[in-house]
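Now for the letters of each chain:
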Amino acid sequence: MNFSEIKLDFDNYLSQQLIRFIRSRWRFLFRFRWPGFGRLRVKGVDVRKTRHGYHIRILVKNRIPSRELNFLQLALGSDYRRECMNLRRIIAIKRMKSWNILFRCKFNGRWKVTSRETSDARLAKKIAGLIKVFQMS
Amino acid sequence: MSPHRLTFRERLNRILRRMINAEEKGDVELRGYLNYTSSDRESRDIEIDCVIVVPNERREIIAGSEQIKQKVKRRLGANLASMLKFGVSEANPSSDNHFLFRRHGDELVEF
């Protein structure tokens, strides 16, 4: 499979703060020629709002190995605790095939939903547009 | 136009809604997890990661989480079982069931 899915978890961000962060950091990362898999070729962007922030999924036409994907997610600003846990899963737990998780919904032992994703198509379109501009300019 | 006749936009919306609903069907990964780290007591550094693949239906998800809870309770005790959190994420071709546990920096073991 020559596609990879970059999954980013942004906690405690409002949409304007997220856009400001993306403008400040992503230009370099989306223009960079990464060793092993080259410049990121974006196929689609999906953004979902959560209780504390946003989940962003970016489908790219690059085959990105696990450790590089983990590094890229950290560089793109995903929650550092999540990416540290992911690194531990990748290295230490060979049996854990699916290490890159973003929950659609979370609940506790008493079935109380504590967080649920809702689609934010407008923000997804805006971020996809920004990435396009970064890669063209 | 009769009041029951759908406009193109309504028809499109209906199709899209069906497509989205269809996408929601299929399997999901249900994960029961606990990442508990105590900085001063290594023995209380605990990680539990249990996954079962279930159909994306409320009833199945609830039954699955009960199954995980019972398994953790039998192996690790009621206290840890009561601390479990659960999450649902999309399944992929490599999704598989597993029940893993580690305490104070040891390797994860299957139970």
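Below: a short report on this structure. All values reported here derive from a predicted model rather than from experimental measurement.

## Topic: the overall build of chain A
The number of helices and strands found in chain A is 4 helices and 6 strands. Taken from N to C terminus, the helices and strands of chain A fall in the order β-α-β-β-α-α-β-β-β-α. The C-alpha atoms of chain A give a radius of gyration of 15 Å, which matches the 14 Å a tight globule of 137 residues would have. When each of the 137 residues of chain A is scored for burial, the buried share is 24%. Expressed as a percentage of contacts within chain A between residues at least 6 apart in sequence, the contacts between residues at least 24 apart total 67%.

## Description of the interface of chain B and chain A
Listed by partner, the interface residues are 20 residues for chain B and 17 residues for chain A. Going through the elements one at a time, strand E1 (27-36), helix H2 (58-76), strand E3 (85-90) and strand E4 (98-103) of chain B are the ones with two or more residues in the side of chain B that touches chain A. Of the residues in the side of chain B that touches chain A, the class split is 6 nonpolar, 8 polar and 6 charged. The pairing of strand E4 (residues 105-108) of chain A with E3(B) spans 4 bridges and is antiparallel. Bridge assignment links A:Lys106 to a residue of E3(B), and that residue is B:Gly87.

## Concerning the packing of helix H2 (residues 66-75) of chain A against helix H3 (residues 80-92) of chain A
Residue and element names in this part refer to chain A. Running from amino to carboxyl end, H2 crosses H3 at an angle of 175°, the nearest separation of the two axes being 9 Å. Viewed along their axes, H2 and H3 adopt a mutual orientation that is roughly antiparallel. Note on element contacts: H3 touches H2 through Tyr80, Glu83, Asn86, Leu87 and Ile90, opposite Ser66, Arg67, Asn70, Gln73 and Leu74. Considering only residue class, the contact of H2 with H3 consists of 4 nonpolar, 4 polar and 2 charged.

## A few points about the environment of A:Ala121
With respect to the helices and strands, A:Ala121 occurs in helix H4 (residues 121-136). Sequence-wise, A:Ala121 and A:Ile101 are 20 residues apart; in three dimensions their C-alpha atoms are separated by 21 Å.

## Regarding the sheet that holds strand E5 (residues 109-110) of chain B
If you trace the 7 strands from one edge of the open sheet to the other, you get E5(A)-E4(A)-E3(B)-E1(B)-E2(B)-E4(B)-E5(B), paired in antiparallel fashion. Bordering the open sheet on either side are strand E5 (113-116) of chain A together with E5 of chain B, each of which pairs with just one other strand. Across 3 bridges, the pairing between E4(A) and E5(A) is antiparallel. In the sheet register, A:Cys105 faces E5(A), and the bridge partner there is A:Arg116. This element, H2(B), spans E1, strand E2 (46-55), E3 and E4 of chain B of the sheet and lies at about 145° to E2(B).

## Points about unusual backbone geometry
Its identity is not glycine, yet A:Asn12 carries a phi of approximately 60°, on the positive side. With respect to the helices, strands and loops of the structure, A:Asn12 is situated in the loop between strand E1 (4-11) and helix H1 (15-31).

## Section: the sheet that holds E1(A)
Residues and elements named next belong to chain A. If you trace the 4 strands from one edge of the open sheet to the other, you get E1-E3-E2-E6, paired in antiparallel fashion. With partners counted over all chains shown, the strands left at the sheet margins are E1 and strand E6 (118-119), one partner each. Two elements, strand E2 (residues 42-49) and strand E3 (residues 53-60), share 7 bridges in a ladder whose sense is antiparallel. Looking at the pairing, Lys49 lines up with Tyr54 of E3. Across the sheet, H4 touches E2, E3 and E6, and the angle it forms with E2 is around 145°.

## Section: H1(A)
Residues and elements named next belong to chain A. The end-to-end C-alpha distance of H1 is 23 Å, a good match for the 24 Å that 17 residues give at a rise of 1.5 Å each. Along H1, the sharpest change in direction is near 45° and occurs at Arg25. All of the buried residues in H1 are Leu18, Ile22 and Phe30. In the core, the buried residues of H1 are packed alongside E1, E3 and H4.

Conventions and cut-offs
Residues numbered from 1 in each chain as written. Chains lettered and ligands numbered in written order. Predicted model: local features only at pLDDT ≥ 70, side-chain atom pairs only at ≥ 80, totals over all residues. Helix = DSSP H or I, 4+ residues; strand = E, 2+ residues; numbered from the N terminus. Rg over C-alpha atoms; globule rule 2.2 N^0.38 Å. Buried ≥ 20, exposed ≤ 12 C-beta atoms within 10 Å, placed from the backbone. Contact = placed C-beta atoms within 7 Å. Nonpolar A, V, L, I, M, F, W, Y, C, P; charged D, E, K, R; others polar. Pairing = 2+ DSSP bridges. Axes fitted to C-alpha atoms, helices over the stretch in contact; angles between N-to-C directions. Parallel < 35°, antiparallel > 145°, perpendicular 65-115°, else oblique. Expected span 1.5 Å × (residues − 1). Bend = angle between axes of the 7 residues up to and from the residue.

These figures capture arrangement, not role.
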